[in-house]
Amino acid sequence: MYNSPGRRGGSTRPAGARARRVPADLHEGSRRDFLRRHERESADAARHTGRERTEFAACLFRRAADSRNLRCAIDHLARDGGAAAGPGGLTLDELDGSARWGLARALGSLIRSGRYRPGPHREVRIPKGPGRGFRTLRIRDVEDRVVERAIVQVVQPFLDPRFVPTSYGYRPGRGREHALAHAEAIAERDGSWCWAPDDVKDAFDHVPLGRLIDIVRARLAADDIVELIRIVVADGDATRGIPQGSSLSPLLLNVYLDRVLDRPWARYEPATPLIRVADDVLILARDGDAARAAHERLAARLRAAGMGLKAHTESAVRDLLLGETADWLGFRLRKGPGGLEGRPTDRCWAQLDEALEVAHTKPDAPARAREIVAGWAEQLGPCRPHLDLAGFFVGIAAVAGRYAFDETPDRRTLEDALLRGYRRWRALRRRVRESLPPDRITAAPPAIV
């Protein structure tokens, strides 16, 4: 499935034989077959001309409201998170299979009739880590989260193939390791070891809603699905900000930044690549002057889009050829004899701390904690050759101990997780190096027609 925060990069399973033969709307096969057929048809439509894309977009609203799609959304939230109660008190764990189908059909009827409106939300403040403040999540009722997820399942497969190739994060099969391998390959090819990593400051909170909906309408060209998206993201009289914690918001952030940042940058700055992973950005240049000038142009472009960068230009630019390190995507990176060398940053450790703090409040917390720790360690595969393993395992035990989790994975399990991540990283960086165009000028993004 698309845009799944609990799975690295989303699913890339091919459609089965039934999905290849049968049109998505026919009532044949399982509900998952329906969704796979839709993903296949969406990918095909994304490669077509404007007229053909517009014709296909006409089905998106109907498929969003299809009970099979909504049931898949319910199952996804129950399995991968998002099942917790909202203001209404309902949890998906309370619903058996028959009740889940009943909820799917009821929501589909409300959407099709135009009577669906989201309920109220409750706000939860989540710490970002030591000294980094808080972010506010708006927790909606599970019914509303099901609708959000259902929209993602039908819209993202249609929109995602049109995003620029230097965009990563919240995309199927494209995660931070892919972005890191891409950055390393560009730096080795071009000698672009002067890096300027930065964050788009409070990106979700600064998306202008009117402009966002205009961009969505231009991409989808179907008023009914656009209106449904507008209803979901609208928050009273607010004119700015999309809710963190919504499964739809990451896709909408990508849509907005693809239009106002990624595409203009690829078109007008081809010799100075910009790689973006959600709200984390990286400029690659051959020297400090070029990196600083590009960082200032990036700040100006984001200001025009109603956003800003966190770092000042002088503090953002890091010359890896001079032995400096750059913090990006939770890695502290330096240039070694064999390429990038990385270690987890304080921010990366803080993310483990946050995840275990949340797990501490959930049912079956020890099992959740073991999964979190093992998954976190596996994502640090690129760091494995450069870690002080003894100190690394002591650090994990210390973080887990703060939340009374004594049953974390043993050292052998964690070493296996690191090794899996490292092997995946080596294979990935080899594929990226082989696939990178030989010249400095990156390929232009597909035109939006």
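The present account deals with the structure reproduced in this document. Every value quoted in this text rests on a predicted model; they were computed, and no experiment measured them. (Residues numbered from 1 in each chain as written. Predicted model: local features only at pLDDT ≥ 70, side-chain atom pairs only at ≥ 80, totals over all residues. Heavy atoms only, no water.)

Details of the overall build of the protein
Here's step 1: The number of helices and strands found in the protein is 17 helices and 10 strands.
Here's step 2: Excluding contacts between residues fewer than 6 apart, the proportion of contacts in the protein whose partners are at least 24 apart in sequence is 71%.
Here's step 3: Split by element, the accessible area of the protein, about 19,800 Å² in all, is 49% carbon and sulfur. (Helix = DSSP H or I, 4+ residues; strand = E, 2+ residues; numbered from the N terminus. Contact = heavy atoms within 4.5 Å. Areas by Shrake-Rupley, 256 points an atom, 1.4 Å probe, with all protein chains shown as cover.)

Re the pattern of salt bridges
Here's step 1: Summed over all chains, the structure comprises 36 salt bridges.
Here's step 2: D44 is paired through a salt bridge with R47; the nearest N and O atoms lie 2.6 Å apart.
Here's step 3: Classification of R47 as exposed rests on a relative accessible area of 60%.
Here's step 4: Here R420 ties to E378 by a salt bridge, and the two come within 3.4 Å at their closest N and O atoms. In this pair, R420 is assigned in helix α17 (residues 411-435) and E378 in helix α15 (residues 365-378), connecting sequence segments 42 residues apart.
Here's step 5: Judged by relative accessible area, R420 falls into the partly exposed class, the value being 43%.
Here's step 6: Residue class for E378 comes out buried when judged on its relative accessible area of 12%.
Here's step 7: Where salt bridges share partners, they join R31, R32, R71, D75 and R100 into one cluster. (Salt bridge = Lys/Arg side-chain N within 4 Å of Asp/Glu carboxyl O. Buried < 20%, exposed > 50% of the residue type's maximum accessible area, 1.4 Å probe, protein only.)

Here we look at the packing of helix α14 (residues 346-359) against helix α16 (residues 389-401)
Here's step 1: For the pair α14 and α16, the least separation of the axes is 10 Å and the interaxial angle reads 35 degrees. In terms of crossing hand, the pair formed by α14 and α16 is right-handed. Residues W349, L352, D353 and L356 of α14 lie in contact with α16, whose contacting residues are F392, G395, I396, V399 and A400. (Axes fitted to C-alpha atoms, helices over the stretch in contact; angles between N-to-C directions. Left-handed = near helix turned anticlockwise from the far one by under 90°.)

With respect to the pairing of strand β10 (residues 339-344)
Within a regular strand, side chains alternate between the sheet's two faces.
Here's step 1: Most of β10 is tucked away, with 5 of its 6 residues classed as buried.
Here's step 2: Counted along the chain from strand β9 (residues 331-336) to the antiparallel partner β10, the turn is 2 residues long. (Pairing = 2+ DSSP bridges.)

With respect to the nonpolar core
Here's step 1: In terms of nonpolar packing, the biggest core is built from 73 residues, with L220, I225, I229, L248, Y256, L298 and M307 touching the most fellow members.
Here's step 2: When residues no more than four places from it in sequence are discounted, the contact partners of M307 are V200, A203, H206, V207, L253, Y256, L257 and L302.
Here's step 3: Judged by nonpolar contacts, the second largest core, of 49 residues, contains A183, A326, L333 and L436. (Core = buried A, V, L, I, M, F, W, Y, C linked by side-chain atoms within 4.5 Å.)

Quick word on unusual backbone geometry
Here's step 1: Although it is not a glycine, D202 sits at a positive phi angle of roughly 45 degrees.
Here's step 2: Relative to the elements of secondary structure, D202 occurs in the loop between β4 (194-199) and α9 (209-220).
Here's step 3: Of note, L329 is a non-glycine position whose phi angle comes to about 60 degrees, a positive value.
Here's step 4: Checked against the element boundaries, L329 lands in the loop between β8 (326-328) and β9.

Remarks on a positive patch on the surface
Here's step 1: A cluster of basic side chains, namely R384, R423, R426, R430 and R431, defines a positive patch on the protein surface.
Here's step 2: Relative to the assigned elements, R430 resides in helix α17. (Patch = residues over 30% accessible without salt bridge, like charges linked within 9 Å, V, L, I, M, F, W, Y side chains within 5 Å. Lys, Arg positive; Asp, Glu negative; His and termini not counted. Charge placed at Lys NZ, Arg CZ, Asp CG, Glu CD.)

Let's talk about the sheet that holds β8
Here's step 1: Spatially, 3 strands are ordered β8-β9-β10 in an open sheet, and the strand pairing comes out antiparallel. Looking at the sheet topology across the chains shown, the edges are occupied by β8 and β10. Here the strands of the sheet are splayed against their neighbours by 35 degrees on average, with no regard to which way each runs.
Here's step 2: Examined bridge by bridge, β9 and β10 share 6 bridges and lie antiparallel to one another. Bridged to R332 within β10 is R343.
Here's step 3: Lying on the sheet, helix α8 (residues 176-190) is in contact with β8, β9 and β10; it crosses β10 at an angle near 145 degrees.

Quick word on the environment of G114
Here's step 1: Along the chain, G114 falls in the loop between α6 (97-113) and β1 (121-127).
Here's step 2: Take G114: its relative accessible area is 43%, and that puts it in the partly exposed class.
Here's step 3: Separated by 110 residues in sequence, G114 and D224 place their C-alpha atoms 9.3 Å apart.

Regarding the sheet that holds β4
Here's step 1: Pairing is mixed across the open sheet formed by 5 strands, whose spatial order is β3-β5-β6-β4-β7. Each edge of the sheet is formed by a strand with only one pairing partner; in this case those strands are β3 (167-168) and β7 (318-319).
Here's step 2: Strand direction decides the pairing type here: strand β5 (residues 274-277) and strand β6 (residues 280-285), joined by 4 bridges, are antiparallel. The residue bridging R276 from the neighbouring strand is V281, located in β6.
Here's step 3: Here α8 sits on the sheet and contacts β3, β4, β5 and β6; the angle it forms with β5, its principal contact strand, is near 170 degrees.
Here's step 4: Strands in contact with helix α12 (residues 288-304) are β4, β5 and β6; relative to β6, the strand with the most contacts, it is inclined by about 145 degrees.

Looking at the packing of aromatic side chains
Here's step 1: Using the criterion set out here, one finds 6 aromatic pairs in the structure.
Here's step 2: Ring plane angle 55 degrees and centroid distance 4.8 Å describe the contact between W349 and W376, whose orientation is recorded as tilted. Here W349 is found in helix α14, whereas its partner W376 is found in helix α15, with 27 residues between them in sequence. When sorted by exposure, W349 lands in the same class as W376, which is buried.
Here's step 3: Seen in terms of ring centroids, W376 and F392 are 5.7 Å apart; in terms of plane orientation they differ by 5 degrees. Their pairing is stacked. Placement of W376 in helix α15 and of F392 in helix α16 is noted, with a sequence separation of 16 residues between them.
Here's step 4: Put simply, the rings of W349, W376, F392 and F393 touch in pairs and so form one group of aromatic residues. (Phe/Tyr/Trp six-rings, centres within 6.5 Å; stacked < 30°, edge-to-face > 60°.)

Don't take any of this as a statement about function, it's just geometry.
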